[in-house]
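Now for the letters of each chain:
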Amino acid sequence: MNYSTSYIFNSVAGQSNPYLPAAPDPNQTNVFAFNSPQAPYLSENVNNGWKYQIDWYLSYDRKFGLHSINAVGVFERTEMKEYYVNSAAYSPVSTIDQYFAYSTSSGNRYGNGSESVAATQSWIGRLHYDYANRYIAEFSFRNDGRYEFAPGHKWGFFPSGSVAWNISQESFFKKALSWINNLKLRASIGSTGNLYDVNNNAISGYQYQTYYGNSNGYVVGNTYYTGIAPSVVPNANITWATTVERNFGVDFSLLNHRLSGSFDIFKNTMKNILGPRTITLPTTYGQSLADENYAQRSFHGWEYSLQWQDRIGNIAYSVYGNMGFAIDKWDKLDQDPLYAEGGAASFQNAIGHPADRIFGLKSDGLIRTQSQLDELTAAGYNYQGRKPYLGAILYKDIRGQDYSSTLDNTIDANDVVLLSNNGKPRINFGFGFNVSWNGLSLDAHFQGMTKYDRMIGVQEGGGIYQHGGSQRLYYPFWAGDVWQSDNVDAKYPRPVGQNWEESGATNSSFWLRDGSYLRLKNLNIGYSLPLEWLRKVGVSSTQVFVNGTNLLTFSKVKEFMDPEQKYYDSYPIMKTFTLGLNVKF
Amino acid sequence: MKKIFYNNIIIFLVASVVLVSSCSKILDQSNLNSYSSTQIWDDANLANAYLINLYSIFGNYNVSLDGLSDQQSGISFAANAVTTTNGGGALAGLANWSDSYTNIRLINQGISSVRTGTLPLTTQNEILGQLYFMRAYVYFSLVTTYGGIPYIKVAQSVSDSLNVPRNSTKECFDYLIQDLDSALTYLPTHILSSSSDYGKIDGNFAIAFKGKVLLYKASPQFNPSTPWDNVYWADAYSANHLAYDSLQQQGYQLISDYSQVAINSGNTEVVFCVINMSPNKTSNWESTTRPASLSRGNPYSCPTWEIVKAFPMVDGKSYNDPSGKFYQTDNGFAQNFWQNRDPRFGKSVLYNAELYPAAGTPSGYRQYTSLGIANTLDAYGINPNAGIPAASNNNTYTGFFILKNGDLNLSQSQVTNYDVNYNVMRFAEVMLNYAEAANETGHSSEALDVLYQIRKRAGIEAGTDEHYGIVATSRTEIRQAIMNERNIELCFEGFRFKDLRRWRMFNVLNGVAKHGMESIAINSDGSQMAMTQAQQLATTYQLLTSNFQYLSRQVPMTGVLLNTLPDSYYFAPIQQSVIAAGNKLEQNTDWGGSFVPTIN
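Keep in mind it's a predicted model, so treat the numbers as computed, not measured. (Residues numbered from 1 in each chain as written. Chains lettered and ligands numbered in written order. Predicted model: local features only at pLDDT ≥ 70, side-chain atom pairs only at ≥ 80, totals over all residues. Heavy atoms only, no water.)

Quick word on the confidence of the model for chain A
Residue and element names in this part refer to chain A. Here is the rule: For every residue, the predictor assigns a confidence score, pLDDT, that lies between 0 and 100. Two residues form a contact once any of their heavy atoms are found within 4.5 Å.
Taken as a whole, chain A shows an average pLDDT of 87; of its residues, 93% reach a score of 70 or greater. With pLDDT under 50 throughout, residues 14-24 is counted as low confidence; its partners more than four residues away or in other chains account for 13 contacts. Under a pLDDT of 50 for its full length, residues 29-37 has, in the predicted model, 28 contacts with residues more than four places off or in other chains.

Laid out in structure tokens, this is it:
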């Protein structure tokens, strides 16, 4: 029997000052109309706070004969409070980047602050039983409480159990298959609580209460008054979502532990996910129904890893590889009846399909020739009423008005189709090796993803826009291989200065690319100086190394950008080189 | 050893008791960032804040509204732009269904809760007056957009039967009047502009708005079979007559300078306004109307050649009226459109090479719009001799900019600080509402008198007959004169599209092209001026409006060129998903349903 306690208190670190870009040329405010204050200003946001965590552990360990029992009980409690302050000052006297240099007139100074609290409490128990390291069984539970939920709904009880059979410890096995050093079969079923809603956002607290927050202000007389409005539609029953995880796995190592690895398959179910029940209520009610814990989503997949390590003379080496596959589907989710089974747009039905799917127009390439254009014009082909033009993207007319099957030669939202089920990478993999010889070592790690489709897009949306809102000018892209009267075989549409669907600014198969990639994520070459040299100068070890990341990449997405880059115009992925020296005394 | 062990156990037990006893408490953290809903109707400040939130129903300046009509550029109605799936497209923008019902719920909740609080009775009454008015105001937008709607008067609870049918359009109008009458019993009659309550709804706004509601009820939109001869015109007349008389007695009147109707805050013409006050409450009017080279972004929508033509000449006659002093052919007028016009034209529209003394511009600054001469951000047209590509904004620009209600004291960097009050209703509208109802009920001299007053203030010459250029005598002619006057007097204030809908006159928009006016600098002999010379002269603002030739061009130049507004658009369809969620709602007859949105 053992008892221990821990108490941790820390203050939450302050937040950094984010950098906000200003207009490239402050005199060109008409071109660069940012939604930021007009006058030069300095602002600073600070948050700090405290958090403590108390943990009490009570553990019990006992062996009798071949039986061994281990039991643990934990009580955990956390509480935190955060303080946010932000302030801004306008009209600087001089361009010094400090508050004192800004106008001290009260109209030029702005401040705001808020506080938030959070608290959790958990009871955790685990009982582990092991017979001769052959049969292993474990039962555990968590009883978790959170401040977010109403009294009576704060607590969630999440039990788990697992069994394992270390078959390689059986005497019959040792006799028959002595080249297998280790073989273990595992099975588990477990539940955990989670605090995410259907959009994968953290559940905000106090949704069980009717409360009011600040809203639209309004001027009466000479005074600006703050308004108040209900913040959420309360639901007293909001509580935890539960994830049930089922796993079956094998661990093995053989040939004197030279080959080792593991294999797992899993099926997880997320139940009672919090989400809006939009469609069940007449809109004249005047508010949406409160969110409820009802949605369900399931995940399944597998993963394996393999490793081979050995030595030839004084060369030591190892090679490894791993791969994982996972896919999800919605089992229960309220959606617009339009999308449901039998609805006009049932191709967008979420039930039974993964959450990350790509929808868009189906492209037939570009309108390249006058005769092609004449034919389209004669047929009355149009983009929401806009006439086709040379160099525009030609989209397939899939449906008519209100998703009907009567074609209308009009390209609009009714012609959207499912382009891919793999909006998220379904398979990720990695492999690599390391070799070392006489103090010299070489490590390489490759990483990649596949079964993955990318809709190339910009920060404004899918597809490549011809210009970005008021913030970005034309992308250099449009000076490249684009349709011109003297370049009719161009790869990309004609620049027309418009963000129309046909000029490229929408999700479509024209911009869809296989998102698979393979990259040399990390390469490291090191050399440790021989010990004999070092002792003389009192140094215990010295290693010189060269390290490079993202050195090689193979992907179809590279036509536009790095495969790990989010948008065409977002911050690119860095290639880095490090030269280093480690010295220990 | 043993003792230490016992001590530990004791500490553990004591601590456990302490913890367990506070266990249930620690998770009961209170929400630090909210107001409790139970105190609102006991606290005058919170009750006021509750109302303040609802005042946003009155909106603010919105340059897009007249882009729906013939007054400004913009094609909002491509073929089939309105469907049951999108629930009305641009039409639904005039009354957002779900936002409206969200506000209605808050209003109903307020009406039913005020009396449960401990506020003084007079405060409770003021709150009730405002809430009843707001309910009518929100439902009015819905009824004029969709026809009759479920006129819900209680904040429903989930256990109520929520699946409610639409009230007939006639019932809705009756309820609107009931709500306005309730409001009138509680509201203070007149909140003076000097009052600290200025900006809140008063009885005068309610009485004038009641006139407006009854005018709509009588109008052709709701009475297609008896557009001008239905019984509701009499009610419209008496309500508007009462509003006109009672407001006039209290000192409401047209101010002398038309250009100041909004800029001069608290003037005698304002019946109700949304007060803007920089930096807390500003409007984007300046930044969405001003020429881009002096603003922070492009104007969204610009005056069309059609509205420019519609302004009368200074003698009150149209340019193409042969009896007018300034009669001209279409072509002659196009080269001369800024001369001898109704002064309201120069106060509402900024045209090529007009003086434009915006803050920060050099003295004598003229606003050019000619391609090659104007700043590229302001240029309109395709002149191949300009030496530069066609202007990039030819689809929204017209060669004209909106000047009305602009605040020229704002420098370029300050345009987003625009804080001129937004007139929701001004006395000129009350007068025109009265004139329209008077004309349809046989009181034509009263109608004409209103038109004379409006034109007198505008600065139109009285003429020897003191009729300010109006020759209309018959009921139909006077009706047309009133329609024309509304188009001009209330231009760019968001009235035109709603008026065309009310009069069932979408023929003015359906398939009708809008135009802009390209300007090209010419020599005195009419030949095109060399571009370098024109640019040289323009740098010192020596090129005048008359130094240009004017060519009309259809706007937009590319994309969908014409509006398509079939008669079914007089009432928007209720969105398919709204009907799916509340299956007692019937769709309008023009949209495949059985609900008749009209009265007659």
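Quick word on the packing of aromatic side chains
Residues and elements named next belong to chain B. Selection rule: In this analysis, rings of Phe, Tyr and Trp, with Trp reduced to its six-membered ring, are considered paired at centre separations within 6.5 Å, and the interplanar angle assigns stacked below 30 degrees, edge-to-face beyond 60, and tilted for intermediate values. Put simply, DSSP marks the helices as runs of H or I at least four residues long and the strands as runs of E at least two long, and each gets a number from the N terminus on. Remark: exposure states derive from per-residue accessible area (1.4 Å probe, protein chains only) relative to the maximum for the residue type, with buried under 20%, exposed over 50%, and partly exposed in between.
For the structure on display, the rule yields 80 aromatic pairs over all chains. For the pair Tyr 244 and Tyr 434, a centre-to-centre distance of 4.6 Å together with 20° between the ring planes defines the contact as stacked. Separated by 190 residues along the polypeptide, Tyr 244 in helix H8 (residues 232-249) and Tyr 434 in helix H13 (residues 427-440) bring together distant segments of the chain. Judged by relative accessible area, which is 6%, Tyr 244 ranks as buried. The buried category is assigned to Tyr 434, whose relative accessible area is 4%. By way of ring pairs, the aromatic residues Trp 305, Phe 311, Tyr 319, Phe 333, Phe 337, Trp 338, Phe 345, Tyr 351, Tyr 368, Phe 400, Phe 548 and Tyr 550 are connected into one cluster.

Describing the nonpolar core
Note the threshold: Here, the term nonpolar core denotes a set of buried Ala, Val, Leu, Ile, Met, Phe, Trp, Tyr and Cys residues that are joined through side-chain atoms within 4.5 Å.
Within the largest apolar cluster, 186 residues are counted, with the highest numbers of intra-cluster contacts made by Phe 58, Phe 133, Ile 149, Phe 205 and Phe 337 of chain B. A total of 14 residues in this core trace back to one element, the largest contributor, which is helix H5 (residues 121-146) of chain B. With residues up to four places along the chain from it excluded, the contact list for Phe 133 of chain B reads Phe 58, Leu 180, Ala 183, Ile 201, Phe 205, Ala 206 and Phe 209 of chain B. If you look at the next biggest cluster of nonpolar residues, it comprises 40 residues, including Phe 359, Leu 366, Tyr 395 and Tyr 568 of chain A.

Re unusual backbone geometry
The bulk of non-glycine residues show a negative phi, and the bulk of peptide bonds are trans. Residue and element names in this part refer to chain B. In this structure, Pro 279 follows Ser 278 across a cis peptide bond, with omega equal to 5°. Structurally, Pro 279 is set in the loop between strand S2 (270-274) and helix H9 (285-289). A cis amide bond, omega 0°, links Val 555 with the succeeding residue Pro 556. The residue Pro 556 is located in the loop between strand S9 (548-555) and helix H18 (576-581) in this model. The residue Tyr 468 is not glycine, and still its phi comes out positive at about 50°. Considering the arrangement of structural elements, one finds Tyr 468 in the loop between helix H14 (444-458) and helix H15 (475-489). Its identity is not glycine, yet Arg 504 carries a phi of approximately 55°, on the positive side. Along the chain, Arg 504 turns up in the loop between helix H16 (496-502) and strand S8 (514-521).

Some words on the domain arrangement of chain B
What counts, and what does not: Either an automatic procedure or a domain database provided the assignment from which the domain bounds are taken.
Each assigned domain of chain B is listed here: domain 1 (95-187 + 572-600), domain 2 (196-281 + 422-490) and domain 3 (285-404 + 511-555). Here the C-alpha centroids of domain 1 of chain B and domain 3 of chain B sit 45 Å apart.

Digging into the domain arrangement of chain A
Here the domain parsing of chain A yields domain 1 (1-131) and domain 2 (356-584). A separation of 34 Å is found between the C-alpha centroids of domain 1 of chain A and domain 2 of chain A.

Here we look at the environment of Gln 533 of chain B
The topology assignment puts Gln 533 of chain B in helix H17 (residues 531-539). Sequence separation between Gln 533 of chain B and Ser 278 of chain B is 255 residues, and the spatial gap between their C-alpha atoms is 43 Å.

Structural notes on the interface of chain A and chain B
Spelled out, the test is: Values labelled buried area give the accessible surface lost by two parts on being combined, using a 1.4 Å probe and summing over both. The salt bridge definition used is simple: a Lys or Arg side-chain nitrogen within 4 Å of an Asp or Glu carboxyl oxygen. Here a polar contact means two N or O atoms within 3.5 Å. Within protein one must be a hydrogen donor candidate and the other an acceptor candidate, and residues neighboring in sequence count only if both atoms are side-chain atoms. Polarity classes work like this: nonpolar for Ala, Val, Leu, Ile, Met, Phe, Trp, Tyr, Cys and Pro, charged for Asp, Glu, Lys and Arg, and polar for all others, with Gly in that last group. Paired strands, in this sense, are two strands between which DSSP finds at least two bridges.
Of the residues lining the interface, 72 residues belong to chain A; the matching set on chain B comes to 79 residues. At the boundary of chain A with chain B, total buried surface from both sides reaches about 6,000 Å², with 63% on carbon and sulfur atoms. For the chain A face of the interface with chain B, the top three residues by lost area are Tyr 212, Tyr 218 and Thr 284 of chain A, together amounting to 13%. For Asp 28 of chain B, the salt bridge is made with Lys 154 of chain A, and the minimal N-O distance between the two is 3.5 Å. The tally of links from chain A across to chain B stands at 19 residue pairs in polar contact (both at pLDDT 80 or more). For the side of chain A that touches chain B, the leading source of residues is strand S8 (residues 211-220) of chain A, giving 10 residues. In terms of residue class, the side of chain A that touches chain B is built from 32 nonpolar, 30 polar and 10 charged. Bridging between S8 of chain A and strand S1 (residues 35-36) of chain B involves 2 bridges; their strand directions are antiparallel. Residue pairing in the sheet places Tyr 211 of chain A in a bridge with Ser 36 of chain B of S1 of chain B.

Details of a positive patch on the surface
Residue and element names in this part refer to chain A. Selection criterion: In this analysis, a patch consists of residues with relative accessible area above 30% that form no salt bridge, clustered at 9 Å for like charges and at 5 Å for the nonpolar side chains Val, Leu, Ile, Met, Phe, Trp and Tyr. The protein chains shown are the only cover counted for residues, whose accessible areas, like all others here, come from Shrake-Rupley with a 1.4 Å probe. Positive charges are assigned to Lys and Arg, negative charges to Asp and Glu, while His and the chain termini are left out of the count. Taken as the charge centre is NZ of Lys, CZ of Arg, CG of Asp or CD of Glu, depending on the residue.
A cluster of basic side chains, namely Arg 246, Lys 267, Lys 271 and Lys 332, defines a positive patch on the protein surface. Along the chain, Lys 271 falls in strand S11 (residues 259-275). Residue classification places Lys 271 among the partly exposed residues on the basis of a relative accessible area of 34%.

Some words on the environment of Thr 242 of chain A
Residue and element names in this part refer to chain A. Note on placement: Thr 242 falls in strand S10 (residues 241-254). Here Thr 242 falls in the buried class, since its relative accessible area comes to 18%. As for Thr 242 and Asn 293, which are separated by 51 residues in sequence, their C-alpha atoms are 9.9 Å apart. Apart from residues no more than four positions distant in its own chain, Thr 242 is found in contact with Phe 158, Ser 191, Thr 192, Asn 194, Thr 269, Met 270 and Lys 271.

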